[in-house]
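Here's the letter readout for the chains.
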Amino acid sequence: MNEQSLPSRTLERAVGELAKLPGIGRKSAIRLALHILAKGPEFGLSLAESIHSLATETKQCQRCHNISESDICQICADERRDSTRICVVEDVRDVLAIENTGQFKGYYHVLGGVINPMAGVGPQDLYVADLPERVEKTGCEEVIVALPATAEGDTTAFYVYKKLKHLPITISALARGVAIGEELEYADEITLGRSILNRVPFENSLKI
């Protein structure tokens, strides 16, 4: 089936870019582009400015690899948080999900993904190498491995555990309130919060 022909090359370009977003097909991209046009120039320019700022003004926290507008993110810069605990997560979405529970007051370490050989992602592609040194330097007493309950998440969690097990710290994992195969960002706040509070020693959590 031929793609729908659009009356403007400018519109075609916008649709092409919008269609690159995850979960957005060409039809959805057309609807979004037409909605932007219908809202008027001020809306479109404001949207373009916010996307430009997102692309040019955000950076990665040098300490935890979270998204930030400065070298150190707001969470890492907050000295009121519990410096004895670091929660290891897959990406920024998991930081947001855990923060929404209100049950964790420590710091985070964002890996930037999980080990997935099928997708060409290996341990060298994740932010794991700097974690042991960070744990030693900060006086951390517990690392909570909060990765998705998937095969890839479990493999990554075990890899992180091996990198840290020589240190005199507690390594724990989320209680299995989060269902097998579930991403943290889709777990409801109560379930995720309880999984954090009822975390278990890592050795008891996985059967790899």
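The name an unreviewed UniProt entry gives the chain is Recombination protein RecR, with Schleiferia thermophila as the organism. The UniProt entry for the chain carries the following comment under Sequence similarities (unreviewed entry): "Belongs to the RecR family." Reading the Function (unreviewed entry) entry of the UniProt record for the chain gives the comment "May play a role in DNA repair. It seems to be involved in an RecBC-independent recombinational process of DNA repair. It may act with RecF and RecO."

Undergrad: Would you explain helix H2 (residues 26–39) in this entry?
TA: Count 3.6 residues to each turn of an α-helix, and residues three or four apart come out pointing the same way. In this model, H2 (14 residues) spans 20 Å end to end at C-alpha, consistent with the 20 Å of a helix rising 1.5 Å per residue. Listing the buried residues of H2 in full gives Ala29, Ile30 and Ala33. For H2, the angular spread of the buried residues around the axis is 100 degrees, confining them to a single face. In H2, the exposed positions that point more than 90 degrees away from the buried face belong to Lys27, Arg31 and Ala38. Those residues of H2 that are buried lie in contact with helix H1 (9–18). Phi for Gly40, located one or two positions after H2, is positive at around 100 degrees.

Undergrad: Even after reading the chapter, I still don't get the packing of aromatic side chains, so can you show me in this structure?
TA: Pairs of aromatic rings are described using the distance from one ring centre to the other and the angle between the two planes. Throughout the structure, instances matching the rule amount to 3 aromatic pairs. A centroid spacing of 5.2 Å and a plane angle of 65 degrees characterise the contact between Phe104 and Tyr108, whose relative ring orientation is edge-to-face. By relative accessible area, Tyr108 is classed as buried at 2%. Seen in terms of ring centroids, Tyr161 and Phe202 are 4.7 Å apart; in terms of plane orientation they differ by 15 degrees. Their pairing is stacked.

Undergrad: Can you help me understand the pairing of strand S3 (residues 85–89) in this one?
TA: Every regular strand shows the same layout, with side chains that alternate between the two sheet faces. Counting buried positions over the 5 residues of S3 gives 4, a clear majority of the element. For S3 and strand S5 (residues 142–145), the ladder comprises 4 bridges, and the chain directions are parallel. Each residue of the ladder has a partner; that of Val88, found in S5, is Val145. In this view, the connection linking S3 to its parallel neighbour strand S4 (residues 107–110) by way of helix H5 (residues 92–101) has right-handed handedness.

Undergrad: Just checking my understanding: could you explain the UniProt feature "zinc finger region: C4-type" (unreviewed entry) in the chain for this structure?
TA: When the UniProt feature table is mapped onto this chain numbering, "zinc finger region: C4-type" (unreviewed entry) sits at residues 61–76. Split by type, residues 61–76 is 19% helix and 12% strand. Its first and last C-alpha atoms lie 8 Å apart.

Undergrad: When you look at a nonpolar patch on the surface in this model, what are you seeing that I'm missing?
TA: Among the surface-exposed residues, Phe43, Leu47 and Ile51 lie close enough to one another that they form a single nonpolar patch of about 230 Å² accessible area. By relative accessible area, which is 31% here, Leu47 ends up partly exposed.

Undergrad: Honestly, the environment of Val114 in this entry has me stumped. Any pointers?
TA: You can see Val114 is positioned in the loop between S4 and helix H6 (131–138). The class for Val114 is buried, based on a relative accessible area of 13%. For the pair Val114 and Tyr127, spaced 13 residues apart in sequence, the C-alpha to C-alpha distance is 9.9 Å. Excluding its chain neighbours within four sequence positions, the residues that come into contact with Val114 are Glu90, Val121, Leu126, Pro148, Glu152, Gly153 and Thr156.

Undergrad: Just to check I follow, could you spell out the side chain of Asp94 for this structure?
TA: As for its placement among the helices and strands, Asp94 is situated in helix H5. Buried Asp94, no salt bridge; nearest opposite-charge side chain is Arg93, N-O distance 5.9 Å. Within the structure, Asp94 has its side chain in polar contact with the backbone nitrogen of Glu90 (distance 3.3 Å).

Scoring rules and cut-offs
Residues numbered from 1 in each chain as written. Predicted model: local features only at pLDDT ≥ 70, side-chain atom pairs only at ≥ 80, totals over all residues. Heavy atoms only, no water. UniProt positions renumbered as here; feature names shortened; annotations may be inferred. Helix = DSSP H or I, 4+ residues; strand = E, 2+ residues; numbered from the N terminus. Expected span 1.5 Å × (residues − 1). Buried < 20%, exposed > 50% of the residue type's maximum accessible area, 1.4 Å probe, protein only. Arc of directions from axis to C-beta. Contact = heavy atoms within 4.5 Å. Phe/Tyr/Trp six-rings, centres within 6.5 Å; stacked < 30°, edge-to-face > 60°. Pairing = 2+ DSSP bridges. Right-handed = clockwise from strand over helix to strand, strands pointing away. Patch = residues over 30% accessible without salt bridge, like charges linked within 9 Å, V, L, I, M, F, W, Y side chains within 5 Å. Areas by Shrake-Rupley, 256 points an atom, 1.4 Å probe, with all protein chains shown as cover. Salt bridge = Lys/Arg side-chain N within 4 Å of Asp/Glu carboxyl O. Lys, Arg positive; Asp, Glu negative; His and termini not counted. Polar contact = N/O pair within 3.5 Å; in protein donor to acceptor, adjacent residues only side chain to side chain.

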